[in-house]
Amino acid sequence: MRQDDIIGKLKKLAQLDIDAIHAYDHAVENIDTPEIKNAMLGFRQDHFRHVENLSRVIAGLGGTAPAFKKDFKGHVIEGFTALRSKTGPEQALKAMRSNEKLTNSMYGEALTWPVDPAARAVIRANAEDERRHLAYIEQVLNDRSWESTSRDKRVA
Ligand SMILES: [Fe+2]
Ligand SMILES: [Fe+2]
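Rules used throughout
Residues numbered from 1 in each chain as written. Chains lettered and ligands numbered in written order. Predicted model: local features only at pLDDT ≥ 70, side-chain atom pairs only at ≥ 80, totals over all residues. Helix = DSSP H or I, 4+ residues; strand = E, 2+ residues; numbered from the N terminus. Buried ≥ 20, exposed ≤ 12 C-beta atoms within 10 Å, placed from the backbone. Contact = placed C-beta atoms within 7 Å. Axes fitted to C-alpha atoms, helices over the stretch in contact; angles between N-to-C directions. Parallel < 35°, antiparallel > 145°, perpendicular 65-115°, else oblique. Left-handed = near helix turned anticlockwise from the far one by under 90°. Nonpolar A, V, L, I, M, F, W, Y, C, P; charged D, E, K, R; others polar. Expected span 1.5 Å × (residues − 1).

**Overview of the overall build of the protein**
No. 1: Along the protein, the regular secondary structure elements total five helices and zero strands.
No. 2: For the protein, the C-alpha atoms occupy an extent of roughly 60 × 30 × 20 Å along the three principal directions.
No. 3: Across the 156 residues of the protein, 31% fall into the buried class.
No. 4: Look at the contacts in the protein between residues 6 or more apart in sequence, and 76% of them connect residues 24 or more apart.

This is how it looks when you write it as structure tokens:
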């Protein structure tokens, strides 16, 4: 694979993480359960870190990393689910599950790219975060944790 191709792929991966930050911005608006909301904000922060560490890798290869824009609307990566209005926790979590499936499959592919060991370590650590994000969201959807919390509140 040519250096330009590697840079292009890394840029797309960083853009995926930027899309994820925006998607979590909308997801947290739909979630009232503090514990779940805090987890989502933590995942958002992880994606920020991914954008930063991938940007350093891209710059090290002589490329220009995609810019993060705060007022960005919509998503660049095809397949990312956008939440533009209030939909409720279940829909928000399902959208993020589908988004995190995409991050997991793209990071899985990225682990096969011919990059130097330092870049590979960055990709591997990020991929590990993505696995944790998806596992948590699947667990919450499976347990319907947001419901039990609101039920407990009513009983109290
Ligand atoms: Fe990420
Ligand atoms: Fe993630």
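Picking up where we left off.
**Digging into the packing of helix H1 (residues 3-29) against helix H3 (residues 89-110)**
When two helices pack together, their arrangement is given by the angle between their axes and by how far apart the axes lie.
No. 1: Contact pair H1 / H3: the axes reach a minimum separation of 11 Å and the direction vectors enclose 165 degrees. When the axis of H1 is compared with that of H3, the two are roughly antiparallel. When you trace H1 past H3, the crossing you get is left-handed. When H1 is examined against H3, the residues Leu 13, Leu 16, Ala 20, Ala 23 and Ala 27 are found in contact with a partner set consisting of Ala 92, Ala 95, Met 96, Asn 99, Thr 103, Met 106 and Ala 110.
No. 2: Class assignment of the residues belonging to the contact of H1 with H3 gives a composition of ten nonpolar, two polar and no charged.

**Examining unusual backbone geometry**
With glycine set apart, most residues show a phi of negative sign, and most peptide bonds adopt trans.
No. 1: Positive phi, close to 50 degrees, is recorded for Arg 144, a residue that is not glycine.
No. 2: Inspection of the secondary structure puts Arg 144 in the loop between helix H4 (117-143) and helix H5 (145-155).

**A closer look at the environment of Lys 12**
No. 1: Residue placement: Lys 12 occurs in helix H1.
No. 2: With 126 residues separating them along the chain, Lys 12 and Glu 138 place their C-alpha atoms 25 Å apart.

**Details of helix H2 (residues 34-60)**
No. 1: Taking 1.5 Å of rise per residue, the 27 residues of H2 would be expected to cover 39 Å, and the 39 Å separating its terminal C-alpha atoms lies within 8% of that figure.
No. 2: Immediately downstream of H2, the backbone of Gly 62 shows phi near 90 degrees, a positive value.

**Structural notes on the environment of Ile 7**
No. 1: Following the sequence through the fold, Ile 7 ends up in helix H1.
No. 2: Taking the C-beta count within 10 Å as the criterion, Ile 7 has 18 such neighbours and is therefore assigned partly exposed.
No. 3: Sequence separation between Ile 7 and Thr 103 is 96 residues, and the spatial gap between their C-alpha atoms is 18 Å.
No. 4: Discounting chain neighbours no more than four positions away, the residues touching Ile 7 are Ile 58, Leu 61 and Gly 63.

**Some remarks on the packing of H1 against H2**
No. 1: One way to put it is that H1 packs onto H2 with a least axis distance of 9 Å and a crossing angle of 160 degrees. Accordingly, the angle class assigned to the pair H1 and H2 is roughly antiparallel. The two elements H1 and H2 meet at a crossing, and its hand is left-handed.

**What to know about the environment of Leu 111**
No. 1: Tracing the backbone shows Leu 111 in the loop between H3 and H4.
No. 2: For Leu 111, a count of 12 C-beta atoms within 10 Å puts it in the exposed group.
No. 3: Remark: the alpha-carbon pair of Leu 111 and Ile 123, spanning twelve residues in sequence, is separated by 6.5 Å.
No. 4: Contact partners of Leu 111, with chain neighbours within four places excluded, come to Ile 123, Arg 124 and Ala 127.

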